[in-house]
Amino acid sequence: EMVKPKGTGIPQPGQKSDNPITQFQHMLKDVLNLDFQLDDVDYSKPNFVHADMDAETFAKRQQERGETFEMLMVKQLMKALSHGDDDAKKPEEQPNADKMIDGMIEMFTRPDMERQIKLVVAKQLDKIDNAAMGLDGPDGSVILTERNKVALKVLENTIADGKKKISIFYGAAHLPDMSTRLKDLGFTPVTVDWNTAWDLSIRPDEPSGAEKLLKELIHALEDDN
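Residues numbered from 1 in each chain as written. Predicted model: local features only at pLDDT ≥ 70, side-chain atom pairs only at ≥ 80, totals over all residues. Heavy atoms only, no water.

### Focus: the overall build of the protein chain
- From N to C terminus, the protein chain includes 9 helices and 0 strands.
- Mapped in sequence order, the helices and strands of the protein chain form the string α-α-α-α-α-α-α-α-α.
- Within the protein chain, counting contacts between residues at least 6 apart in sequence, those at least 24 apart form 76% of the total.
- When the accessible surface of the protein chain is totalled, it reaches about 15,200 Å², and 55% of it is carbon and sulfur. (Helix = DSSP H or I, 4+ residues; strand = E, 2+ residues; numbered from the N terminus. Contact = heavy atoms within 4.5 Å. Areas by Shrake-Rupley, 256 points an atom, 1.4 Å probe, with all protein chains shown as cover.)

Okay, structure coming up:
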């Protein structure tokens, strides 16, 4: 899983990029106190096979659909905030637009902002089959379904090459659609393993997410000047 320009080599840890998606991901890493995938995974291992779109095809397909990564992320966050624990409430008790906006402002300005956002998203993980947490749609999306088609094509080629032990290294939102495609290829699910991914403990002795975000924005303005 890696959208990268044609002909480029293996990414190096800490490597800078002008790609807006990569910059957005770095911003999320800092704000949410997460690790960045490209910094922690050794992509130089000989058994790794690239099974994703190239950046040029990805950009072209997104332009054709009028789809952007940032738009999908904001859509998912708004979806999470609008539902959350409120699914079982009566219609008159559902949050209105003003309350949603107030809730977002409160969440983004709290000292434990990253923890609050993780909690909001975590509440949606049990609904991941529902249009891939809002990142997909009736006609699919470039960021999920179109990339899944590429990944499964690479899987078919890898199987044809005689490989027996194969892992598909992709994010959770890809899995509902990918699971359906794997079943169509004749595979049957056997077990599911869950591992702890997020630390939701409060870190009062470290800068808040809002503070980090403001610093990022200020430094970005300084670099532009």
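More follows now that the structure is in view.
### Digging into the pattern of salt bridges
- Applying the stated criterion to the full structure yields 6 salt bridges.
- Between arginine 65 and glutamate 146 there is a salt bridge, and its shortest N-O distance comes to 3.5 Å. Placement of arginine 65 in helix α3 (residues 55–65) and of glutamate 146 in helix α7 (residues 142–160) is noted, with a sequence separation of 81 residues between them.
- Assessed through its relative accessible area of 37%, arginine 65 is described here as partly exposed.
- The partner of arginine 181 in a salt bridge is aspartate 177, with the nearest N and O atoms 2.7 Å apart. Here aspartate 177 and arginine 181 lie together in helix α8 (residues 175–184), a separation of 4 residues that amounts to about one turn.
- In this structure arginine 181 comes out as partly exposed when scored by relative accessible area, which is 25%.
- Three or more residues are tied together by salt bridges with common partners; here these are Arg61, Arg65, Glu146 and Lys149. (Salt bridge = Lys/Arg side-chain N within 4 Å of Asp/Glu carboxyl O. Buried < 20%, exposed > 50% of the residue type's maximum accessible area, 1.4 Å probe, protein only.)

### Observations concerning the side chain of glutamate 67
- For glutamate 67, the location among the structural elements is in the loop between α3 and α4 (69–83).
- One buried charge, glutamate 67, has no salt-bridge partner; the nearest side chain with opposite charge is arginine 65, at 4.7 Å.
- Of note is the side chain of glutamate 67, whose polar atom sits 3.1 Å from the backbone nitrogen of valine 142. (Lys, Arg positive; Asp, Glu negative; His and termini not counted. Polar contact = N/O pair within 3.5 Å; in protein donor to acceptor, adjacent residues only side chain to side chain.)

### Concerning the nonpolar core
- Grouped together as the largest cluster of nonpolar side chains are 7 residues: Ala51, Ala151, Leu152, Val154, Leu155, Tyr170 and Met178.
- Considering each element in turn, this core owes the most residues, 4 residues, to α7.
- Once residues lying within four places of it in the same chain are set aside, the contact partners of tyrosine 170 are Glu1, Ala51, Asp52, Arg147, Asn148, Ala151 and Met178. (Core = buried A, V, L, I, M, F, W, Y, C linked by side-chain atoms within 4.5 Å.)

### Examining the environment of leucine 213
- Inspection of the secondary structure puts leucine 213 in helix α9 (residues 209–224).
- The sequence separation of leucine 213 and aspartate 30 amounts to 183 residues, and the corresponding C-alpha distance is 7.7 Å.
- If sequence neighbours within four positions are ignored, leucine 213 has contacts with Met27 and Val31.

### Remarks on the environment of valine 49
- As for its placement among the helices and strands, valine 49 is situated in the loop between α2 (37–40) and α3.
- The class for valine 49 is exposed, based on a relative accessible area of 54%.
- The spacing of valine 49 and valine 154 is 105 residues in sequence and 8.4 Å in space, taken between C-alpha atoms.

### Brief notes about the environment of asparagine 47
- Here asparagine 47 lies in the loop between α2 and α3.
- It is 9.5 Å that separates the C-alpha atoms of asparagine 47 and isoleucine 166, two residues lying 119 residues apart in sequence.

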